[in-house]
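Examining the three-dimensional arrangement
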Amino acid sequence: SYFVEENDRAAMMSEEEIRAFMEIEDRYSMFWKIFAYHPIRPGGIASLTVDDVDFGLEAFLVKDKTFKREVPINLVLLEELKTYISRLKTYNLFPAREGNRVINRTNWNQSFNARIQKLDIKRKYLRPYSLRNSCLTRLADAGVNPFLLIDMAVQKNLNTTLHYYHGSLKSKKEAIRKDTLGLL
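Parameters at a glance
Residues numbered from 1 in each chain as written. Predicted model: local features only at pLDDT ≥ 70, side-chain atom pairs only at ≥ 80, totals over all residues. Heavy atoms only, no water. Helix = DSSP H or I, 4+ residues; strand = E, 2+ residues; numbered from the N terminus. Buried < 20%, exposed > 50% of the residue type's maximum accessible area, 1.4 Å probe, protein only. Contact = heavy atoms within 4.5 Å. Areas by Shrake-Rupley, 256 points an atom, 1.4 Å probe, with all protein chains shown as cover. Salt bridge = Lys/Arg side-chain N within 4 Å of Asp/Glu carboxyl O. Polar contact = N/O pair within 3.5 Å; in protein donor to acceptor, adjacent residues only side chain to side chain. Arc of directions from axis to C-beta. Phe/Tyr/Trp six-rings, centres within 6.5 Å; stacked < 30°, edge-to-face > 60°.

Looking only at helices and strands, one finds ten helices and three strands in the protein. When the helices and strands of the protein are listed from N to C terminus, the series reads α-α-α-α-β-β-β-α-α-α-α-α-α. Expressed as a percentage of its 184 residues, the buried residues of the protein come to 43%. Considering only residue pairs separated by 6 or more positions, the protein has 62% of its internal contacts joining residues 24 or more positions apart. When the accessible surface of the protein is totalled, it reaches about 11200 Å², and 53% of it is carbon and sulfur.

Spelled out as structure tokens, the structure:
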């Protein structure tokens, strides 16, 4: 249903929380920055290689489940991403500590939980996907076409994508203020 449940709202992160979350520097910093600015699933980010970043197109080539797609790189990260890749000693953008494997669900869940604990955020429904949900909400609030959100989020239908949309108070105020009955 389009109407979100209470735990869905609790799973959202505010812009202030996301900024603080991204300010924590560790080996997963770039992973979280990409996740916060792009509606890519964590497995899609974890599997990125140097060849999957096209600076000419300013896009990631993401392999999500059975889909391959281009996702524009948010310009906020472009220069930092170039620096990050120039310092890499591996083909994978996010290698695990063990061998040639990439980080996995256990790694990113532990990293996410450690960051949330460090920031002393105590909402029980927060999880790594909260960054994806928050990104999609910000894009929806910015007026991005729902069908473009479906494409960027690799969803099969509009109802699934609308589940991610949790209108912010700001967007709700803007919407309600459009109906003035001609009095303003």
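As a further point, take the pattern of salt bridges. Tallied over the entire structure, the rule returns eight salt bridges. Two residues, K82 and E79, come together in a salt bridge whose shortest N-O distance is 3.4 Å. Residue K82 and its partner E79 are both found in helix 5 (residues 78–87); the two are separated by three residues, about one turn of the helix. Measuring nitrogen to oxygen at the nearest pair gives 2.6 Å for the salt bridge that ties D120 to K122. Since its relative accessible area comes to 69%, K122 is described here as exposed. One connected set of salt bridges, linked through shared partners, spans E25, K33 and E80.

If you trace the backbone, S29 turns up in helix 3 (residues 29–37). Only 3.5 Å separates the side chain of S29 from the side chain of E25, close enough to count as a polar contact. If sequence neighbours within four positions are ignored, S29 has contacts with I24 and R115.

What follows concerns the environment of R41. Within the secondary structure, R41 is located in the loop between helix 3 and helix 4 (42–46). As for R41 and L131, which are separated by 90 residues in sequence, their C-alpha atoms are 9.8 Å apart.

This part takes up helix 5. Every buried residue of helix 5 is accounted for by L78, L81 and I85. Buried residues of helix 5, seen end-on, are gathered within an arc of 60° and therefore sit on one face of the element. Turned more than 90 degrees away from the buried face of helix 5 sit E79, S86 and R87, all of them exposed.

Here we take up the packing of aromatic side chains. By the definition in use, this model includes ten aromatic pairs. Summarising the aromatic geometry, the rings of F21 and W32 are spaced 5.4 Å apart at their centres and angled 85° between planes, so their arrangement reads as edge-to-face. Placement of the pair is F21 in helix 2 (residues 15–23) and W32 in helix 3, with a sequence separation of eleven residues. Both rings, one in F21 and one in F112, keep their centres 5.3 Å apart while their planes meet at 45°; by these two values the pair is tilted. Residue F21 is located in helix 2, and its partner F112 is located in helix 6 (residues 105–118); the two are separated by 91 residues in the primary sequence. An identical accessibility class is assigned to F21 and F112; each is buried. Ring pairing ties together the aromatic residues F21, F31, W32, F35, Y84, F94, W108, F112 and Y129, which thus form one cluster.

Turning our attention to helix 2. Along helix 2, the residues that are buried comprise E17, I18, F21 and M22. All buried residues of helix 2 lie within an arc of 130° about the axis, which places them on one face of the element. Exposed residues on helix 2 whose side chains face more than 90 degrees from its buried face are E16 and E23.

Here the focus is the side chain of T137. With respect to the secondary-structure elements, T137 resides in helix 7 (residues 129–141). Within the structure, T137 has its side chain in polar contact with the backbone oxygen of N133 (distance 2.9 Å).

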